[in-house]
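# Reading the structure
The primary structure of each chain is shown beneath.
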Amino acid sequence: MRKILVVGGGYAGFYTAWKLEKKLRKDEAELILVDPRPYMTYQPFLPEVAAGSIEARHAAISLRRHLRRTKLVAGMVTQIDHENRTVTVCPMDGPTFDVTYDIIVVTAGAVIRKFPVPGIAEHAIGLKHIEEAVAIRDRLLTAFDRAAVLEPGPTRQRLLTVTFVGGGFTGVEGFAEVFSLAKAVLKRYPELEASELRFHLVEAAGRILPEVTDRPGSWVVRSLEKRGAHVHLNTTVASAVDGHIVLSSGEEFDSNLIVWTAGNAANPVVHKHTDLPVDELGRMIVTADLRIPGVEDAWAAGDNAAVPDLASDKPGALTVPNAQHAYRQGKLLAKNIAKSLRGRKPKDYVHHSLGAVATLGIGRGIFQWRWIVIKGFLAWLMHRGYHVLAVPSWERKVRVLAVWLTAVFYGRDIVSLASVEHPRQAFIAGSDPEFGR
């Protein structure tokens, strides 16, 4: 019986293992998946988790609940030695160890792309994982509580200032959703003025949302600015030391919350710690059927793979690293591995885009497919409808729908649980309020 090892439990990895369980008999292969997290993050829901529109756990798909035949290894792969069919795993606790395999599937995903901007590493937070989305929401709500007891001034203004860096889908959706939350929460704080709320979106390019064309992108900018946001195009962050933002345009301000969403970079294990072939950007080279050329029994998909885009008219085009492709590639990868084990020819990956859809806060959205553009409430409904259908398992669909329906009657839950980051503080402080400060 052959041993199939899946490196990474994101979209592509989860769907590969999930579908292999359904397609292979128990005596055909042993399945192993290595990932440091016990769940797959449904990333399109992260902006709504940050905005309190979705319960955090509902955007996390438990690996142990759904992968019942797969052996799960909690750790991070730090080295792939395909010549010897071995990977090195670094667990949360204990020494590193090796795992052998017969067939490898590399779906390690990408990591956040960071630049050497002073202060960013110390003060910024990403928006790629559940924990980050929850922290963004809690820090915003806690800032409102802290600001409400202060007199107007620099400290209060800093608490009510939020900065997002990066104008791609994650950045724009996260920015718009958190801005929507802030505007809604403001009604509960009569001590604060709407004019004190400052939201800044900083983008190095001359436009946002590169997945849509210029006119819809410009409409999104105008829509955000009309609601009171500040959008800085053709601008970079020069410094963020101690939360003091200095922009390349010369503008300066203090920001309590800095969210970094300036794109993705190659996963280090794929880029630097493998003997499998990678391209100049550190992505795994694959053929259209998701096999890694030049070696046997090696496959790759998702954000860490340079997958040829056969649906594009441009020679040499690669699929965009997003969820729409990753989960479809994972499903096809499972089919192709099953076919390969049974001596049949794998199928090439071809997917014609269904368009781009983004949420811009409750009741607001934008959708584009070719020349068709839909804005506003209908686009927002399309966003929610598409993603509730796309999230894996009926159990998660029902939970998400239940939260959305509850919010229709009672609104968002605006309780901050920021203290969960320091759960022992109250225990240590006891009843002495000065000790707990």
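Computed from a predicted structure; not experimentally measured.

Attention now goes to the overall build of the protein. Along its length, the protein carries 13 helices and 24 strands. Relative to the globule expectation of 22 Å for 437 residues, the C-alpha radius of gyration of the protein, 23 Å, shows essentially globular dimensions. By principal-axis analysis of the C-alpha atoms, the protein measures approximately 70 × 60 × 45 Å. Considering only intrachain contacts with a sequence separation of at least 6, the fraction spanning at least 24 residues in the protein is 67%. Surface summary for the protein: the accessible area is close to 21,300 Å², and the carbon and sulfur share equals 55%. Averaging the locations of the 54 positively and 46 negatively charged side chains of the protein gives two centres separated by 8 Å.

Contact geometry of helix α1 (residues 11–23) with helix α10 (residues 323–341) gives a least axis separation of 7 Å together with a crossing angle of 35 degrees. Crossing hand, α1 versus α10: right-handed. Each of Tyr11, Ala12, Tyr15, Thr16, Lys19, Leu20 and Lys23 in α1 lies in contact with α10, whose residues at this interface are Ala323, Ala326, Tyr327, Gly330, Lys331, Leu333, Ala334, Lys335, Ile337 and Ala338.

Let us now look at a positive patch on the surface. Taken together, Lys23, Lys331, Lys335 and Lys347 make up a surface patch of like positive charges. Among the secondary structure elements, Lys23 is positioned in helix α1. On the basis of relative accessibility, which here comes to 33%, the residue Lys23 falls in the partly exposed class.

Before going further, it helps to examine the pairing of strand β5 (residues 70–81). Note that strand β2 (residues 29–35) and β5 share five bridges and pair parallel. Within β5, the position partnered with Leu33 by the bridge is Leu72. By the bridge criterion, six bridges tie β5 to strand β6 (residues 86–91) in an arrangement that is antiparallel. Following the sheet pairing, Asp81 is matched in β6 by Thr86. Turn length for the β5-β6 hairpin, with the two strands adjacent in sequence and antiparallel, is four residues, and the turn residue Arg85 shows positive phi of about 50 degrees.

On to the packing of helix α11 (residues 377–390) against helix α12 (residues 394–410), then. For any two helices packed against each other, the geometry comes down to the angle between their axes and how far apart the axes lie. Two elements in contact, α11 and α12, have axes separated by 9 Å at closest approach and are oriented at 150 degrees. In terms of their interaxial angle, α11 and α12 are classed as roughly antiparallel. For α11 against α12, the interelement crossing comes out right-handed. Facing α11, whose interface residues are Arg384, Val388, Leu389 and Ala390, α12 presents Lys397, Val400, Leu401 and Trp404. For the contact of α11 with α12, a count of residues per class yields six nonpolar, no polar and two charged.

Time to look at the nonpolar core. Ile4, Ile80, Val87, Phe144, Phe199 and Val220 are the most contacted members of the largest nonpolar core, which has 116 residues in total. Apart from the residues lying within four places of it in its own chain, the contact partners of Val87 are Leu5, Val77, Gln79, Ile80, Phe97, Asp98, Val99, Tyr101 and Ile104. With twelve residues, the next largest nonpolar core counts Val165, Val202, Ala240 and Leu247 among its residues.

Let us look at the side chain of Arg137. Inspection of the secondary structure puts Arg137 in helix α5 (residues 130–148). The buried category is assigned to Arg137, whose relative accessible area is 13%.

To continue, consider the UniProt feature "domain: FAD/NAD(P)-binding" (unreviewed entry) in the protein. The UniProt record marks residues 3–330 with the feature "domain: FAD/NAD(P)-binding" (unreviewed entry), using the residue numbering of this structure. Spanning residues 3–330, this segment combines 29% helix with 26% strand, and its end C-alpha atoms are found 18 Å apart.

What follows deals with the sheet that holds strand β10 (residues 124–125). Strand order in the open sheet made by the five strands is β10-β17-β11-β12-β13, with parallel pairing throughout. Here the strands that pair on one side only, and so sit at the sheet edges, are β10 and β13 (230–232). Running at roughly 175 degrees to strand β12 (residues 198–202), helix α7 (residues 169–186) makes contact with β11 (161–165) and β12 of the sheet.

The three strands lie next to each other as β14-β15-β16, forming an open sheet whose pairing is antiparallel. A strand with exactly one partner marks an edge of an open sheet, and here the two such strands are β14 (237–239) and β16 (252–254). Between one strand axis and the next, the sheet turns through 35 degrees on average, direction left out of account.

Here we come to the pairing of strand β22 (residues 356–359). Residues Ala356 and Ala358 of β22 are buried on one face, and the alternating residues Val357 and Thr359, pointing to the opposite face, are buried as well. Judged from the four bridges that link them, β22 and strand β23 (residues 365–369) form a sheet pairing that is antiparallel. Bridging across to β23, Val357 finds its partner in Phe367. Joining the antiparallel neighbours β22 and β23 is a turn of five residues, in which Gly361 adopts a positive phi near 110 degrees.

Structurally, Trp369 is set in strand β23. Sequence separation between Trp369 and Ser353 is 16 residues, and the spatial gap between their C-alpha atoms is 8.0 Å. Setting aside chain neighbours within four positions, we find Trp369 in contact with Ser353, Leu354 and Gly355.

Non-glycine residue Arg85 carries a positive phi angle of around 50 degrees. Here Arg85 shows up in the loop between β5 and β6. Arg85 sits in the partly exposed class, given a relative accessible area of 23%. If you check the backbone angles, Arg370 has positive phi at about 55 degrees while not being a glycine. Tracing the backbone shows Arg370 in the loop between β23 and β24 (372–375).

Reading the values: the criteria
Residues numbered from 1 in each chain as written. Predicted model: local features only at pLDDT ≥ 70, side-chain atom pairs only at ≥ 80, totals over all residues. Heavy atoms only, no water. Helix = DSSP H or I, 4+ residues; strand = E, 2+ residues; numbered from the N terminus. Rg over C-alpha atoms; globule rule 2.2 N^0.38 Å. Contact = heavy atoms within 4.5 Å. Areas by Shrake-Rupley, 256 points an atom, 1.4 Å probe, with all protein chains shown as cover. Lys, Arg positive; Asp, Glu negative; His and termini not counted. Charge placed at Lys NZ, Arg CZ, Asp CG, Glu CD. Axes fitted to C-alpha atoms, helices over the stretch in contact; angles between N-to-C directions. Left-handed = near helix turned anticlockwise from the far one by under 90°. Patch = residues over 30% accessible without salt bridge, like charges linked within 9 Å, V, L, I, M, F, W, Y side chains within 5 Å. Salt bridge = Lys/Arg side-chain N within 4 Å of Asp/Glu carboxyl O. Buried < 20%, exposed > 50% of the residue type's maximum accessible area, 1.4 Å probe, protein only. Pairing = 2+ DSSP bridges. Parallel < 35°, antiparallel > 145°, perpendicular 65-115°, else oblique. Nonpolar A, V, L, I, M, F, W, Y, C, P; charged D, E, K, R; others polar. Core = buried A, V, L, I, M, F, W, Y, C linked by side-chain atoms within 4.5 Å. UniProt positions renumbered as here; feature names shortened; annotations may be inferred.

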